[in-house]
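# An overview of the molecular structure
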Amino acid sequence: MSRLGTKLQVGEFVVTAELAPPKGADPEAILRKAEALTAVDAVNLTDNQGACMRMAPLALARILLECGHEPVLQVTCRDRNRIALQADLLGAAALGIENLLILSGDHPRFGDHPGARPVFDLDSVQLLRGIQQMQSGIDMGGSRLQSAPRFFVGASAAPAAQPMEPALLKTVKKISCGVQFFQTQAVFEHNQLEKFMGFLANYRVPVILGVVLIKNAKVGEFLNRHIPGIQVPSDLLKRLEGAPDPLVEGVKLAREAVFWARQFCQGVHLMTFGREDLIPEILAG
């Protein structure tokens, strides 16, 4: 099992951080960012996040692994059919990539190639079920694999979804498909997290809370308009607008969320959008 999987299995509190692969062929800048993440247990590599084209995370995951970092490979259903997804997963296993985060993916209309045709041959639940089958030695077409891959499989969860009931139903479906951990979308209200974790209490699946660093009110408004699944409440936007230093206030908000995670969850997933240097400060609370 991966180091991340082992830590979650024994009940350790973990920290993961998100890095977007470069929009180019040179990995050096992202490697420098990864080297600075000394307080992080694993590094998530996004898969054309926001439907914006970037370097394939599979290649970067192997590079990070060779440099001693623990990667979490994000895999979205948007751009590939089940044949390509299975091929990439077998390739990931051959390269020693163990941690997966399975996502459906944002529609191309939100990204930098709005004319691209989405695939969505599978959704995240169907892909999770397929991975469960592959790990038993059978591909999604029913044929036997020469060797079965072994992964530590994660999926997303949405504690702040409204209405909550469909999101909870989907969460349970993912658990039935063998999910071993959840990373949540950003949560900005304590009561939403508490309610969600109360619902999951009997399932005993580790939950890593998504924490977003909002640098100022304009960033929060941008997230509300353009990023599906994120909704920054108006009272938090007012806190940022009225703060003498919005970035300091944004760090404070992130630290509050980390405090909630230490109460209810088994880790935090930090999304700092280029301010990875602030991660130690966010964790210091």
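Look above for the structure.
The structure reproduced in this document is the subject of the present report. Just so it is clear, the structure is predicted and the values come from calculations on it, not from any experiment. (Residues numbered from 1 in each chain as written. Predicted model: local features only at pLDDT ≥ 70, side-chain atom pairs only at ≥ 80, totals over all residues. Heavy atoms only, no water.)

So, on to the packing of aromatic side chains. If you walk through the whole model with that rule in mind, you get two aromatic pairs. For the pair Phe152 and Phe181, a centre-to-centre distance of 5.0 Å together with 15 degrees between the ring planes defines the contact as stacked. Within this pair, whereas Phe152 is found in strand E5 (residues 152–157), its partner Phe181 is found in strand E6 (residues 181–186), the two being separated by 29 residues in sequence. Assessed through its relative accessible area of 0%, Phe181 is described here as buried. Pairing Phe199 with Tyr203 gives two aromatic rings, centres 6.1 Å apart and planes at 40 degrees, and the pair type is tilted. For Phe199, a relative accessible area of 32% puts it in the partly exposed group. (Phe/Tyr/Trp six-rings, centres within 6.5 Å; stacked < 30°, edge-to-face > 60°. Helix = DSSP H or I, 4+ residues; strand = E, 2+ residues; numbered from the N terminus. Buried < 20%, exposed > 50% of the residue type's maximum accessible area, 1.4 Å probe, protein only.)

Right, let's get into the sheet that holds strand E1 (residues 14–19). Spatial strand order, E1-E2-E3-E4-E5-E6-E7-E8: eight strands in a closed barrel with parallel pairing. The average angle at which neighbouring strand axes cross in this sheet is 25 degrees, direction not considered. Direction of pairing for strand E7 (residues 207–212) relative to strand E8 (residues 267–271): parallel, over a ladder of five bridges. Opposite Val212, over in E8, you have Met271 as the bridge partner. Each of strand E2 (42–45) and strand E3 (71–76) is contacted by helix H3 (residues 57–66), which is oriented at about 175 degrees to E3, the strand it contacts most. On the sheet, helix H10 (residues 246–264) packs against E7 and E8 and is oriented at approximately 170 degrees with respect to E7. (Pairing = 2+ DSSP bridges. Axes fitted to C-alpha atoms, helices over the stretch in contact; angles between N-to-C directions. Contact = heavy atoms within 4.5 Å.)

With respect to the helices and strands, the residue Thr171 is situated in helix H6 (residues 164–176). Overall, the relative accessible area of 3% leaves Thr171 in the buried class. Ignoring sequence-local partners within four residues, the contact set of Thr171 consists of Ala157, Phe182, Phe196 and Leu200.

Bringing the nonpolar core into the picture now. Among the nonpolar cores identified, the biggest contains 64 residues, and Leu127, Phe182 and Leu270 are the most heavily contacted of them. Among the elements that line this core, the one with the most residues is H10, at six residues. For Leu127, the contacting residues outside a window of four places in its chain are Val75, Cys77, Leu85, Leu89, Ile102, Leu122 and Met140. Within the second largest apolar cluster, 13 residues are counted, among which are Phe188, Val212, Ile230 and Leu240. (Core = buried A, V, L, I, M, F, W, Y, C linked by side-chain atoms within 4.5 Å.)

For the rest of this paragraph, the subject is the packing of helix H9 (residues 234–242) against H10. Put simply, H9 and H10 touch, their axes get as near as 8 Å, and they point 140 degrees apart. Along the contact surface, H9 presents Leu236, Arg239 and Leu240, while H10 presents Pro246, Glu249, Gly250, Lys252, Leu253 and Glu256. Class assignment for the residues of the contact of H9 with H10 results in four nonpolar, one polar and four charged. (Nonpolar A, V, L, I, M, F, W, Y, C, P; charged D, E, K, R; others polar.)

Before going further, it helps to spend a moment on the pattern of salt bridges. Summed over all chains, the structure comprises 11 salt bridges. A salt bridge links Arg3 to Glu70, with the shortest nitrogen-to-oxygen separation between them at 3.5 Å. Taken together, the positions of Arg3 in helix H1 (residues 3–9) and Glu70 in the loop between H3 and E3 put the pair 67 residues apart, joining distant regions of the chain. A salt bridge links Arg80 to Asp47, with the shortest nitrogen-to-oxygen separation between them at 2.3 Å. One end of the pair, Arg80, is in the loop between E3 and helix H4 (82–94); the other, Asp47, is in the loop between E2 and H3, and 33 residues separate them in sequence. With respect to class, Arg80 is no different from Asp47; both count as buried. Bridged by salt links that share partners, the residues Asp47, Arg80 and Asp88 form one connected network. (Salt bridge = Lys/Arg side-chain N within 4 Å of Asp/Glu carboxyl O.)

In this model, Gln162 is joined to Pro163 through a cis peptide bond whose omega is -5 degrees. The residue Pro163 is located in the loop between E5 and H6 in this model. Positive phi, close to 45 degrees, is recorded for Phe120, a residue that is not glycine. As for its placement among the helices and strands, Phe120 is situated in the loop between strand E4 (99–103) and helix H5 (124–135). Taking relative accessible area as the criterion, Phe120 reaches 30% and is therefore assigned partly exposed. A positive phi angle, close to 50 degrees, is found at Phe273, a residue other than glycine. Note on placement: Phe273 falls in the loop between E8 and helix H11 (279–283). The partly exposed category is assigned to Phe273, whose relative accessible area is 38%.

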